[in-house]
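Here's the letter readout for the chains.
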Amino acid sequence: MTKARFDEIIHAPKRLQICAFLMPLQDAEFQVLRDELDVSDSVLSKHLKHLDAAGYVKFRKGAVNGRQRMWASMTTTGRRAFAAHVQELQRLIAG
Amino acid sequence: MSNDKSIKADEAQDALDTVERMNTAGQQRGIAPRWYGIGIAIIVFVGFSLYAQQDPGNFPGIFIALGVGLFASYSRDKIGAMGRALPDTKPAMWALLGVVIFLLILFFGGIYFRRVYDLAWIPVATGLIAGMTIFLLSKEERRHLGKDD
């Protein structure tokens, strides 16, 4: 069972959105994430780098129709940390 | 990497609302389009049916594996996101296992009846059942997540 734990890396608003969006997915393309979060490429890159440095997301690059694209996905560590963070939020609300 | 910090309940509630909203958005985005289920169902049906031939060798199995793999890869590139292949909950995992076992029984059953009793129509019939099962499951998933009419 996951132990409730507040995670400051995940809790930042945009990073929380990124993680929550990626959780039900195997992976998502950079452009899809950018459009869903309604942020610029640089802002999204910055947040993804934070999550990557923590080992919470990983990337895969590939070419589609001759254009380079990047997919992001949550790692097992990231999924556990996110689940623990959500549990902690629920615990805080329950008092 | 992580540290403890206390936040107020209303901030936690806002964060949880965001999580729920983005989680739903992710689920919606990861749903394969209608043609995906139809495509996989056709590949499986054709693959199973190939066993109706006298001696197809490994070709049908390779056809299904390659066909499904390439089709799934194409779909992911096309829609930009892919839902998780493995479910999170135990009941859903058991349900998936049940479907896989059911499809394997159909697959090997078709081969057995073709080889032992020379019934060429059996692989076609099991292929039809397998294809319909996949199509109906994909349709049900879309309906469950509010993406079907």
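Residues numbered from 1 in each chain as written. Chains lettered and ligands numbered in written order. Predicted model: local features only at pLDDT ≥ 70, side-chain atom pairs only at ≥ 80, totals over all residues. Heavy atoms only, no water.

Asker: I tried to follow the packing of helix H2 (residues 13–22) of chain A against helix H5 (residues 76–94) of chain A on my own but got confused; where do I start?
Answerer: Packed helices, taken two at a time, are described by their axes: the angle between them and the distance between them. All names here are of chain A. Interhelical geometry of H2 versus H5 gives an angle of 115 degrees and a closest axis separation of 11 Å. Judged on the interaxial angle alone, H5 and H2 are roughly perpendicular. For the element pair H2 and H5, the recorded crossing hand is left-handed. Facing Leu16, Cys19, Ala20 and Leu22 of H2, the residues of H5 in contact are Arg79, Phe82 and His85. When the residues that make up the contact of H2 with H5 are grouped by side-chain class, the tally is 5 nonpolar, 1 polar and 1 charged. (Axes fitted to C-alpha atoms, helices over the stretch in contact; angles between N-to-C directions. Helix = DSSP H or I, 4+ residues; strand = E, 2+ residues; numbered from the N terminus. Parallel < 35°, antiparallel > 145°, perpendicular 65-115°, else oblique. Left-handed = near helix turned anticlockwise from the far one by under 90°. Contact = heavy atoms within 4.5 Å. Nonpolar A, V, L, I, M, F, W, Y, C, P; charged D, E, K, R; others polar.)

Asker: I'm lost on the pattern of salt bridges in this one. Help?
Answerer: Side-chain pairs of opposite charge can arise where the charged atoms are in close proximity. Counting across every chain of the model gives 7 salt bridges over all chains. Residues Arg91 of chain A and Glu88 of chain A are paired through a salt bridge, measuring 2.7 Å at the closest nitrogen-oxygen approach. With Arg91 of chain A and Glu88 of chain A both in helix H5 and 3 residues apart, the pair spans about one turn of that helix. We note a salt bridge from Arg114 of chain B to Asp118 of chain B, for which the minimum N-O separation is 2.3 Å. By relative accessible area, which is 8% here, Arg114 of chain B ends up buried. Overlapping salt bridges bring together Arg34, Asp35 and Asp41 of chain A as one network. (Salt bridge = Lys/Arg side-chain N within 4 Å of Asp/Glu carboxyl O. Buried < 20%, exposed > 50% of the residue type's maximum accessible area, 1.4 Å probe, protein only.)

Nothing here speaks to function; it is geometry throughout.
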